[in-house]
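Results of the structural survey
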Amino acid sequence: MATVTKAPKKQIQFADDMQEFSKFPTKTGRRSLSRSISQSSTDSYSSAASYTDSSDDEVSPREKQQTNSKGSSNFCVKNIKQAEFGRREIEIAEQDMSALISLRKRAQGEKPLAGAKIVGCTHITAQTAVLIETLCALGAQCRWSACNIYSTQNEVAAALAEAGVAVFAWKGESEDDFWWCIDRCVNMDGWQANMILDDGGDLTHWVYKKYPNVFKKIRGIVEESVTGVHRLYQLSKAGKLCVPAMNVNDSVTKQKFDNLYCCRESILDGLKRTTDVMFGGKQVVVCGYGEVGKGCCAALKALGAIVNITEIDPICALQACMDGFRVVKLNEVIRQVDVVITCTGNKNVVTREHLDRMKNSCIVCNMGHSNTEIDVTSLRTPELTWERVRSQVDHVIWPDGKRVVLLAEGRLLNLSCSTVPTFVLSITATTQALALIELYNAPEGRYKQDVYLLPKKMDEYVASLHLPSFDAHLTELTDDQAKYLGLNKNGPFKPNYYRY
């Protein structure tokens, strides 16, 4: 099969000599970790952006007999009759995902994923549906489940099922449902996955533990989250990763756009929808000044909030200082702040001791991938009263009458309480699609049993696909300029060690 590298002019083109992806070293030291490999993402909470509430029908989808218009029952969704509405949601998302649609049009004639059997576990939203349908258009067969028990847009899942995608997901799954859906995707007579697209590592973990023979035959894994990437490095360090994996999370197009710009917009959306709070003059502490923290702080500062930062990394701390923020320890400001936001990827960043010391009506929320950052379990004690005041907003009441406003039970705020910008998801989805194409078409031996980063050329290609949306025009190097800089006129324009 011809690879993408050899595509004609109108199709995908990467670097002339398709060098091997830069190998990403195993990270050690003080970088914040997330959940262990055996822990489920079902304790993450996500999108409220579905028009159909999970409580509208008490009958479990597992107990329903449903078929789509073609007579297929190879799916399990809340209500297949919602497919038409879900299709409209997908069509709306396509309007702001022009780069991914462009990729689909350029490559669908060549079918670079013909023969690929992709099992996926991601948020199932209109934007993800555009990615799934792009993979199908490029020749892949897909089976899909949700990486998060609350993230699924039921009408979108129905539309995918109607289109013939084997999707097993609905909003409000139990933990048992969550693993059942993953298993249904993986365990099917006459069909065996050869590629994995994961968000959080639960699918990879399930296949590795329950279906080791299938895992050994996987040609590549693409992972987009901090949590999932950490799990892959755990497997690699232990010598148990027997397939090549692509770390999309640390690609430039994911870190600098999804993590930074997405959170810069969605943090305010989530907070405003849930609390109606005015930020001018409010005292806020943001735990963590990575890309997510930087985006949150920029948005809050722009609205007049007084922002404090907590950090373990001196480099990030210095960046915060130079950006005009005060770097503190949480204990130093916990009694005064009006809002506490976590975005470290670590666990127990906000403890019961911190919660006990907070002022009345302090808002507490999390922008990290999982719900380990705030010790919510410590609040489920007899002396504290929980009062649900609106969807995904709880007042936790102390015996003296003090209330702490807890959002999404400490789970991911932007996908729990609002939505995220479609355009940014197009950047991430395009990166995921290209990573799948590369791993699937790579000749034997190019990638060993390890975790790899995307090459700079692929990051640049993803960015270039999105520039027409802004009517942006790149300057071209002259031959003399390219020779002076020692660059190929077509890129890559920065070395792999360059920090944007």
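Calculation notes
- Residues numbered from 1 in each chain as written.
- Predicted model: local features only at pLDDT ≥ 70, side-chain atom pairs only at ≥ 80, totals over all residues.
- Heavy atoms only, no water.
- Helix = DSSP H or I, 4+ residues; strand = E, 2+ residues; numbered from the N terminus.
- Buried < 20%, exposed > 50% of the residue type's maximum accessible area, 1.4 Å probe, protein only.
- Contact = heavy atoms within 4.5 Å.
- Areas by Shrake-Rupley, 256 points an atom, 1.4 Å probe, with all protein chains shown as cover.
- UniProt positions renumbered as here; feature names shortened; annotations may be inferred.
- Polar contact = N/O pair within 3.5 Å; in protein donor to acceptor, adjacent residues only side chain to side chain.
- Pairing = 2+ DSSP bridges.
- Expected span 1.5 Å × (residues − 1).
- Axes fitted to C-alpha atoms, helices over the stretch in contact; angles between N-to-C directions.
- Salt bridge = Lys/Arg side-chain N within 4 Å of Asp/Glu carboxyl O.
- Disulfide = S-S within 2.5 Å.
- Bend = angle between axes of the 7 residues up to and from the residue.
- Core = buried A, V, L, I, M, F, W, Y, C linked by side-chain atoms within 4.5 Å.

Quick look at the overall build of the protein chain
Helix and strand counts for the protein chain stand at 17 helices and 15 strands. The 500 residues of the protein chain split such that 58% are buried. Residue pairs in contact within the protein chain that sit at least 24 positions apart in sequence constitute 73% of those at least 6 positions apart. Total accessible area on the protein chain stands at roughly 21,700 Å², and carbon and sulfur atoms take up 50% of it.

Structural notes on the UniProt feature "binding site: NAD(+)" (unreviewed entry) in the protein chain
Following the UniProt record, one finds the feature "binding site: NAD(+)" (unreviewed entry) at G290, E291, V292, G293, K294, G295, E311 and N414. Position of G295 relative to the elements: it lies in helix α10 (residues 291-302). You can call G295 buried: its relative accessible area is 0%. Leave out the neighbours within four places in its chain, and G295 touches L260, C263 and R264. Filtering out sequence-adjacent residues up to four positions away, N414 remains in contact with C262, C263, S266, M367, T419 and V420. In this structure the side chain of N414 is engaged in a polar contact, spanning 3.0 Å, whose partner is the side chain of S266.

Things to note about the pairing of strand β4 (residues 195-198)
Covered by surrounding structure in β4 are M195 and L197 together with I196 and D198, the residues of both alternating faces. In this structure, strand β1 (residues 117-122) lies alongside β4, joined through 4 bridges in parallel fashion. Within β4, the residue paired with I118 across the bridge is M195. When β4 meets strand β5 (residues 220-223), the two strands line up parallel, connected through 4 bridges. Within the sheet, the bridge partner assigned to D198 lies in β5 and is E223.

Remarks on helix α8 (residues 226-237)
The end-to-end C-alpha distance of α8 is 16 Å, a good match for the 16 Å that 12 residues give at a rise of 1.5 Å each. Across the 12 residues that make up α8, a large majority, 9, are buried. Here α8 has its buried residues at T227, G228, V229, H230, R231, L232, Y233, L235 and S236. Along its buried surface, α8 packs onto α6 (202-210), β5, β6 (245-247) and β15 (451-453). Among the residues trailing α8, G239 stands out with phi positive, at a value near 75°.

A closer look at the sheet that holds strand β9 (residues 326-327)
Strand order in the open sheet made by the 8 strands is β9-β8-β7-β10-β11-β14-β13-β12, with mixed pairing throughout. Of all the strands in the sheet, just β9 and β12 (385-390) have a single pairing partner and so form its edges. The pairing of strand β8 (residues 306-310) with β9 spans 2 bridges and is parallel. The residue of β9 that forms the bridge with N308 is R326. Sitting on the sheet, helix α9 (residues 252-275) touches β10 (339-342), β11 (362-366), β12, β13 (393-397) and β14 (403-407), and the angle it makes with β14 is about 130°.

Things to note about the pattern of salt bridges
A side chain with one charge can pair with a side chain of the opposite charge if their charged atoms come near. Enumeration over the complete set of coordinates arrives at 19 salt bridges. Put simply, E409 and R380 hold a salt bridge, and the shortest N to O gap is 3.2 Å. Of this pair, E409 sits in the loop between β14 and α14 (413-417) while R380 sits in the loop between β11 and β12; the two residues are 29 residues apart in sequence, bridging distant segments of the chain. A relative accessible area of 17% means that E409 is categorised as buried. Overall, R380 belongs to the partly exposed group, its relative accessible area being 48%. Notably, a salt bridge pairs E387 with R403, separated by 2.8 Å at the nearest N-O pair. Here E387, found in strand β12, pairs with R403, found in strand β14; they are 16 residues apart in sequence, far enough to count as distant. Among the charged side chains, a network of salt bridges with common partners joins R380, R388, D394, E409 and R411.

A word on the state of the cysteines
One pass over the full model with this rule turns up 0 disulfides. Here C297 stays unpaired: no disulfide links it, and the sulfur of C296, its closest cysteine neighbor, is 6.7 Å away. In this model C343 remains outside any disulfide bridge; the closest cysteine sulfur is found in C296, 5.0 Å from its own.

Some remarks on the sheet that holds β1
Strands sit in the order β3-β2-β1-β4-β5-β6-β15 across an open sheet of 7 strands; the sheet is parallel. The open sheet is flanked by β3 (166-168) and β15, the only strands paired with a single partner. Averaged over all pairs of adjacent strands, the angle between strand axes in this sheet comes to 20°, irrespective of strand direction. For strand β2 (residues 141-146) and β3, the ladder comprises 3 bridges, and the chain directions are parallel. When the bridges of β3 are listed, R143 appears paired with A166. Across the sheet, α6 is in contact with β1, β4 and β5; its angle to β4 comes to roughly 140°.

With respect to α9
The end-to-end C-alpha distance of α9, which contains 24 residues, comes to 33 Å, matching closely the 34 Å that a straight helix rising 1.5 Å per residue would cover. Along α9, the largest kink reaches about 40° and is centred on C263. Looking at the residues trailing α9, positive phi occurs at D276, about 60°.

Thoughts on the nonpolar core
By size, the foremost hydrophobic cluster in this structure holds 59 residues, and its most contacted members are L113, I118, L135, W144 and V167. Counting residues per element, this core draws most heavily on helix α15 (residues 422-441), which supplies 10 residues. Leaving out residues up to four positions away in the same chain, L135 has contacts with L113, I118, A140, C142, W144, L197, A433 and L436. Membership of the second largest hydrophobic core comes to 34 residues, among which are C185, V186, W191 and V207.

What about the pairing of β11?
Within β11, 5 of the 5 residues are buried, which leaves it mostly tucked inside the rest of the structure. Judged by which residues are buried, β11 turns out to be covered on both faces: C362, V364 and N366 on one side and I363 and C365 on the other are all buried. Pairing between β10 and β11: 4 bridges, direction parallel. In the strand pairing of β11, I341 is matched with C365.

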